[in-house]
Amino acid sequence: MTEIFLKTLPFFGLIGLGWAAAASRFFPSEAAAWLTKFVFYFALSAMLFRFAAGLDLAALFDLRFVLAYLAGSTLVWGIGMAVARARGLPLPDAAMEAQCCMTGNTGFLGVPMLVVLLGERAVGPVLMVLTIDMLVFSTLITLIIHGARQGGLRVAAILPVLRGVAANPMILSMVAGLSWSLLHLPMPGPLDEFLTILGQAATPGALFAIGASLAGRQLRRMAASGWLSVAKLVLHPLAVGIAAWLLAVEPFAAGVMIAAAALPVAGNVYILAQHFGVGQQRVSAAILISTAFSIVTIPVVITLIGA
């Protein structure tokens with residue numbers, strides 16, 4: 001485990017550097033926002049397109065993998081919802097807490113880190129987890145909050161949600177890359193080099209941006225945020241691991257799925273919370289706590305799965 005911890009340390013060191021730069025005001029919040037935008041729309045999209053373009057689409061989709069991740073994640077989502085409702089929270093707040101329990105930082109942290117730690121074979125499973133999180137669960141919470149606030153779902157409310165998901169640059173870059181692969185198009189040398197150079201900015205840029213975004217977060221509502229962090233770092237990987245075992249998912253893919261499930265709460269959950277005005281403080285604190293403790297929990301999980 002010490003060896004794995006040392007391998008993950010540079011990734012969390014970059015997060016710490018971003019936090020220090022923002023906390024000292026050397027790197028202002030506006031700069032962090034623009035860096036995040038650069039990573040999201042350009043560097044990470046280039047990395048995802050290049051990864052997806054090199055995949056075998058027929059070999060990528062594994063129904064058992066999809067069902068296992070959906071089953072484990074839905075179970076944890078349901079537990080999060082039940083606990084929140086038992087505490088008397090309204091439906092939108094409960095749905096936001098449920099989202100915290102199972103939405104990991106796969107895009108900004110998982111893609112760069114897990115591919116380096118687990119190898120190129122991890123690309124396909126990581127992209128599958130990212131796609132399911134965005135297509136299924138991000139859509140689900142948006143529809144629940146719209147429905148709760150408007151007394152039911154209407155077509156006029158559903159279509160903008162679907163358009164927003166479809167326009168996500170990570171989804172677009174993966175779809176474009178998989179289409180490139182499906183059509184067996186050659187990758188010209190200059191284009192491959194361009195994508196490689198741009199994609200290499202994703203890892204340091206994303207990790208630095210994560211750290212910078214954490215600098216402005218405050219630890220409030222510790223009890224609720226602590227529970228959400230435990231659910232994300234412990235319950236989620238445990239649930240998908242059991243589901244993967246029950247459905248006999250191929251061992252390496254199952255290990256990548258579990259490692260992805262062990263990632264801390266994603267920053268885009270806070271974006272949703274801020275957009276809808278729901279549970280911002282709890283979500284913000286959960287991101288900070290889960291990211292801090294994942295320095296220890298991620299190496300433990302990777303050691304346990306034998307990667």
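Look up a bit, the structure's there.
Cut-off values and rules
Residues numbered from 1 in each chain as written. Predicted model: local features only at pLDDT ≥ 70, side-chain atom pairs only at ≥ 80, totals over all residues. Heavy atoms only, no water. Helix = DSSP H or I, 4+ residues; strand = E, 2+ residues; numbered from the N terminus. Rg over C-alpha atoms; globule rule 2.2 N^0.38 Å. Buried < 20%, exposed > 50% of the residue type's maximum accessible area, 1.4 Å probe, protein only. Contact = heavy atoms within 4.5 Å. Lys, Arg positive; Asp, Glu negative; His and termini not counted. Charge placed at Lys NZ, Arg CZ, Asp CG, Glu CD. Salt bridge = Lys/Arg side-chain N within 4 Å of Asp/Glu carboxyl O. Axes fitted to C-alpha atoms, helices over the stretch in contact; angles between N-to-C directions. Parallel < 35°, antiparallel > 145°, perpendicular 65-115°, else oblique. Nonpolar A, V, L, I, M, F, W, Y, C, P; charged D, E, K, R; others polar. Phe/Tyr/Trp six-rings, centres within 6.5 Å; stacked < 30°, edge-to-face > 60°. Patch = residues over 30% accessible without salt bridge, like charges linked within 9 Å, V, L, I, M, F, W, Y side chains within 5 Å. Areas by Shrake-Rupley, 256 points an atom, 1.4 Å probe, with all protein chains shown as cover. Expected span 1.5 Å × (residues − 1). Polar contact = N/O pair within 3.5 Å; in protein donor to acceptor, adjacent residues only side chain to side chain.

Draft legend 1. Local environment of the overall build of the chain. Assigned secondary structure in the chain consists of 15 helices and zero strands. Its C-alpha atoms give the chain a radius of gyration of 19 Å, near enough to 19 Å, the size a compact globule of 307 residues would have. Counting only C-alpha atoms, the chain reaches 55 × 45 × 40 Å along its principal axes. When each of the 307 residues of the chain is scored for burial, the buried share is 53%. For the chain, long-range pairs separated by at least 24 residues make up 84% of all intrachain contacts whose partners lie at least 6 apart in sequence. Of note, the chain has its 16 positive side-chain charges centred 15 Å away from the centre of its 11 negative side-chain charges.

Draft legend 2. Here's a closer look at the pattern of salt bridges. For the coordinates displayed, the defined rule picks out six salt bridges. Residue Arg87 pairs with Glu97 through a salt bridge whose shortest N-O separation is 2.8 Å. Of this pair, Arg87 sits in the loop between helix H4 (63-86) and helix H5 (91-102) while Glu97 sits in helix H5; the two residues are ten residues apart in sequence, bridging distant segments of the chain. In this structure, the salt-bridge partner of Glu97 is Arg282, at a minimum N-O distance of 2.9 Å. On the criterion of sequence distance, the pair formed by Glu97 in helix H5 and Arg282 in helix H15 (residues 280-304) is long-range, its members being 185 residues apart. The exposure class assigned to Glu97 is buried, which follows from its relative accessible area of 3%. Several salt bridges converge on common partners, so that one network encompasses Arg87, Asp93, Glu97 and Arg282.

Draft legend 3. Layout of the packing of helix H14 (residues 267-276) against H15. Here H14 crosses H15 at 170°, and the two axes come no closer than 9 Å. In terms of orientation, H14 lies roughly antiparallel with respect to H15. Across the interface between the two elements, Gly267, Val269, Tyr270, Ala273 and Gln274 of H14 pack against Gln280, Val283, Ser284 and Ile287 of H15. Tallied by class, residues from the contact of H14 with H15 come to five nonpolar, four polar and no charged.

Draft legend 4. Expanded view of the environment of Val66. Tracing the backbone through its elements, the reader meets Val66 in helix H4. Val66 sits 178 residues away from Ala244 along the chain, and the two C-alpha atoms are 9.5 Å apart. Residues in contact with Val66, not counting those within four places in the same chain, are Phe61, Met128 and Ile132.

Draft legend 5. Inspection of the packing of aromatic side chains at higher detail. In this structure the tally under the stated criterion is four aromatic pairs. Taking 5.0 Å as the distance between ring centres and 75° as the angle between the ring planes, the aromatic pair formed by Phe27 and Phe208 counts as edge-to-face. Taken together, the residues Phe27 in the loop between helix H1 (2-23) and helix H2 (29-53) and Phe208 in helix H11 (residues 202-214) connect sequence positions 181 residues apart. Under the relative-accessibility criterion, Phe208 is labelled buried at 17%.

Draft legend 6. Geometry of a nonpolar patch on the surface. Where nonpolar side chains cluster on the molecular surface, the patch consists of Phe61, Leu63, Leu67, Leu238, Ile242, Trp245, Leu246 and Leu247 and spans about 860 Å² of accessible area. Every element with two or more residues in the nonpolar patch is listed here: H4 and helix H12 (222-246). It is H12 that provides the largest number of residues to the nonpolar patch, a total of four residues. Mapped onto the secondary structure, Phe61 falls in the loop between helix H3 (57-60) and H4.

Draft legend 7. Molecular detail of helix H10 (residues 189-200). With twelve residues, H10 should reach 16 Å at 1.5 Å per residue; the first-to-last C-alpha distance of 16 Å fits that figure. Of all the residues in H10, the buried ones are Leu195, Thr196, Leu198 and Gly199. Residues of H10 that are buried in the fold lie against H2 and H11.

Draft legend 8. Seen up close, helix H13 (residues 251-261). When you tally the buried positions in H13, you get nine out of eleven residues, the bulk of the element. All of the buried residues along H13 are Ala253, Ala254, Gly255, Val256, Met257, Ile258, Ala259, Ala260 and Ala261. Between a side-chain oxygen at the N-terminus of H13 and the backbone nitrogen of Phe252 the separation is 3.1 Å; the capping residue is Glu250.

Draft legend 9. Seen up close, the side chain of Ser173. Positionally, Ser173 belongs in helix H9 (residues 169-182). The residues contacting Ser173, other than those within four sequence positions of it, are Ser45, Leu48 and Phe49.

Draft legend 10. Representation of the environment of Leu172 within the structure. Structurally, Leu172 can be placed in helix H9. The class of Leu172 is partly exposed, set by a relative accessible area of 46%. Residues Leu172 and Leu48 lie 124 residues apart in sequence; the distance between their C-alpha atoms is 9.5 Å.

As far as function goes, none of this settles anything; it's purely spatial.
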